[in-house]
Amino acid sequence: MSTPATPPRSLAEALRARDDVSLAALLRARPDLITPVPTDLTQLATRAGTRASVVRALERLDRFALQTAEALAVAGDPASYEELLGLMGGDGGDHAVAAALPRAVGTLREQALLWGEDTRLRLVRTARELLAPSPQHPSPTGLGPTVAEASAGMSPGRIQEIVTAAGLPSTHDSVSAVAALTGLFTDRRRMAKLLGGQPEESLDVLRRLMWGPPYGQVTADPAPRLRRLLDLGLLLPTAPGTVVLPREVALHLRGGLAHRATEPVPPVVEAAASYRPQVVDATAAGQAYTALATVEELLKDWDEGGPAVLRAGGLSVRDLKRTAVALDVPEPIAAFWVELAYAAGLLASDGEADERYAATPAYDEWLEQPPAERWARLAEAWLAATRTPGLVGGRDAKERTLSALGPGLDRSAASEVRHRVLTLLAGLPEGAAPTAESVLARLRWERPQRREDDLRSRLAQWTLSEAELLGVTGRGSLSAHGRALLGAAAPDRASTAHEPTGPGDKLPVHHHPVPAPHPEPLSAAEQAVAVAAAGRLLAPLLPEPLDHVLLQADLTAVAPGPLRRPLADMLGVLADVESKGGATVYRFTPGSVRRALDAGQSASDLHAFLTAHSRTPVPQPLAYLIDDVARKHGHLRVGAASAYVRCDDDAVLNEILADKRAAGLGLRRLAPTVLASQADPAALLDGLRSMGFAPAAESAEGDVLIARAHAHRTPPRTAPEPVPDGPPVPDATLLTAAIRAIRAGDLASTTPRKQAPSAGPTGELPRTSSAETLATMQAAVLTGETLWIGYVNAEGAASQRVIAPVRVEGGFVTAYDHTADEVRTYPLHRITGVAELADDQG
């Protein structure tokens, strides 16, 4: 950035002296400044000083940059760089502070929170108002008002008494008296002499107020130790019964420090343990496969329509508990999987009158993809989502319970915190797992202003646990496919191939990892490439699906690994899952075999299926079970009468009528082989099955109805859009266009013009008649001069433009518009006036 010939007198002038690279950095750091694009640099400066924009900018400062701004707020206005350095490093100096301060000042300048030369640093007025000490809003520095501010309401006589008691010559006015007292309190030598003569109990009072809060209470008749301090002005009254320690006195007692603890260097993210990268990747891949299986199990459980949607939206507590039991996980983990499927667009409400949750059509497409691509889609959705499952079960501002899939779970900072946590993990040596405490300490240093009930810390803790569940990390360390997901290149492992391994494949802990830098966010195209790369790295690590099981004589089947989809689907109908883990155990029961027969399979189909997919012979007990259930299946027929039961064996019907459990079905005999029921066919089927029979449904033609499970799907749904944390960061194309428009608008508003007789005051739109406008335009075409015009568009919006006319004909002027940086045509009747530029600008 080039230094202007004369010091800037305002923030607008300081911005005007910047080059395009510096302006682009400002707009990238504070994207709210170009929403919409300002007309010129003066408007940009005005917008940069608004309270909302300044608050947002302060919230995004790291701790040391914020401490620098807080120090400037209690320094003089303007302040020199040396004065700021003294406030940050103290009288004795601090090498770390001195080394880090130029970066902090540069950050404040870049974000237009600070302007001016090093000899006259000025904090933006709004920032000073927000950070300066006041009784209503104490400063984080713990400092109070200056002597001038604290004595503003005191009588001149009382001020003269303090000056005299301090050993200073009396003055003729209060202003000079306050200046003399301020000079005494800021003179280290004289101040040390003054305090050296005070009793120890008085100095103890000052030490208690030294680091803040600077206010204290006194009685109407203060004790001698307090009276001495009041007489010397070392404590000044601010209200009846309240005194304050002046800022100058506190700074002397602190040795010139504005903050008790200055933090120029970010905390290091420490490694708790380290593992071989291959172990980390394998562990993460195993968990990634478990994540896929869990999401499939969840949506398969909701295949025919999931839980009902609450009136206020979301899952009920009871339904979440049922889901947790079905997935065999705690409720918070179940909420995470439900929200993840929703964020990926695999789950939504069906929109029916009796609204329920169900899988979306995108779920069927997702199932057809390779496992690595399915995981990549889940990971991408998780990384970008702003919905926060960790909040489920808590309460909102109105004390309403927050439910899974319900409203109120979006937190705009969630995505940014996830990216940042994973980036910090990527900055550690490959295979290193960090301590959670060091990660949280680093995040608090990077964003100290954004407390929000310490939401960022909770988001970071949830990120660490969710990344492990999803398989982005393994054993707490970022995996290779996790690094690829961030767009970060994995380190070369050739150098670690020879490293020794010990028990558990652990490596020595790295105690001094290099802090990870802040990367630029990936564009949509870059993110797509990163997701694809993550999938490619994960693919070879996932287990290969099997096409067989091991049948055992105890009516169980063992799947030694993940099964291919057709085999898994069929086995899920024919048997019940008994246990999960490295191997899945299925158990065959009469009910499960009946379920397969209800789905249209015959006994011969089941025998052939088991023979084809078992590495062991089909055990005789299992073959007998299938044949026995198939022999009884369909022996009873149920149809609509309201409902009826018919059977060729009247003894079976006699048994049903004699059973007390049939009383609720309202059965009566119509014929020796037919019973009628008041219940509907579905209820009659369920009732007879609960009594131990195996009835089959019958159509009106007397044919057996095959009861197949029909998957319930929602209409096409889009995944929920993340809630942005303020305006999005502009891309390079938008920045270039915005800066060009701002520069052109600034040229139009600041270029000197010749004062025409009919023109208004400088800065106002010119006013000329139609004849004068036409004549000036035609002359400019011949001479090639550049003109300043006032223009009103079709919507009635007025603007100023600098143009170079090229042609005038048919009531239009064609000119190169410096404001738009392109050739445009304007109707002459919409030009309110024209003025020539000054000679030195022509």
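Residues numbered from 1 in each chain as written. Predicted model: local features only at pLDDT ≥ 70, side-chain atom pairs only at ≥ 80, totals over all residues. Heavy atoms only, no water.

Student: Hey, could you run me through the sheet that holds strand β4 (residues 236-239) in this one?
Tutor: Across a sheet, strands are paired by hydrogen bonds formed along the backbone, either parallel or antiparallel in direction. Reading across the sheet, the 3 strands line up as β3-β5-β4 and stay open at both edges, with antiparallel pairing between neighbours. Looking at the sheet topology across the chains shown, the edges are occupied by β3 (215-217) and β4. Going across the sheet, the axis of each strand differs from the next one's by a mean of 40 degrees, ignoring polarity. With 3 bridges joining them, β4 and strand β5 (residues 242-244) adopt antiparallel strand pairing. (Pairing = 2+ DSSP bridges. Helix = DSSP H or I, 4+ residues; strand = E, 2+ residues; numbered from the N terminus. Axes fitted to C-alpha atoms, helices over the stretch in contact; angles between N-to-C directions.)

Student: Explain the pattern of salt bridges here, please?
Tutor: The full count for this structure, using the stated rule, is 33 salt bridges. Across the salt bridge formed by R190 and D187, the nearest N and O atoms sit 3.3 Å from each other. Across the salt bridge formed by R442 and E446, the nearest N and O atoms sit 3.1 Å from each other. Taken as a pair, R442 and E446 lie in helix α22 (residues 436-446) at a separation of 4 residues, close to a single helical turn. (Salt bridge = Lys/Arg side-chain N within 4 Å of Asp/Glu carboxyl O.)

Student: Teacher, can you tell me more about the nonpolar core here?
Tutor: For soluble globular proteins, the rule of thumb is that nonpolar side chains tend to be buried together. Counting residues in each nonpolar core, the largest one holds 88 residues, and the members touching the most others are F185, L234 and L235. In terms of residues, this core owes the most to one element, helix α5 (residues 63-74), which gives 8 residues. Leaving out residues up to four positions away in the same chain, F185 has contacts with V147, M191, L194, L232, G233, L234, E248, V249 and H252. By size, the runner-up hydrophobic cluster in this structure holds 73 residues, among which are V269, A324, L538 and L542. (Core = buried A, V, L, I, M, F, W, Y, C linked by side-chain atoms within 4.5 Å. Buried < 20%, exposed > 50% of the residue type's maximum accessible area, 1.4 Å probe, protein only. Contact = heavy atoms within 4.5 Å.)

Student: Explanation requested: the packing of aromatic side chains in the structure shown.
Tutor: How two aromatic rings sit relative to each other is set out by the distance from centre to centre and by the angle between their planes. Taken as a whole and assessed by the stated rule, the structure comprises 4 aromatic pairs. Positioned over the ring face of W366 is R374, at 5.3 Å from the centre of the ring. (Phe/Tyr/Trp six-rings, centres within 6.5 Å; stacked < 30°, edge-to-face > 60°. Lys NZ or Arg CZ within 6 Å of the ring centre and 35° of its normal.)

Student: I would appreciate a short explanation of the environment of A223 in the present structure.
Tutor: Inspection of the secondary structure puts A223 in the loop between β3 and α14 (224-231). Taking the C-alpha atoms as reference, A223 lies 9.9 Å from S202; in sequence the two are 21 residues apart.

Purely spatial values, then, with no claim about function.
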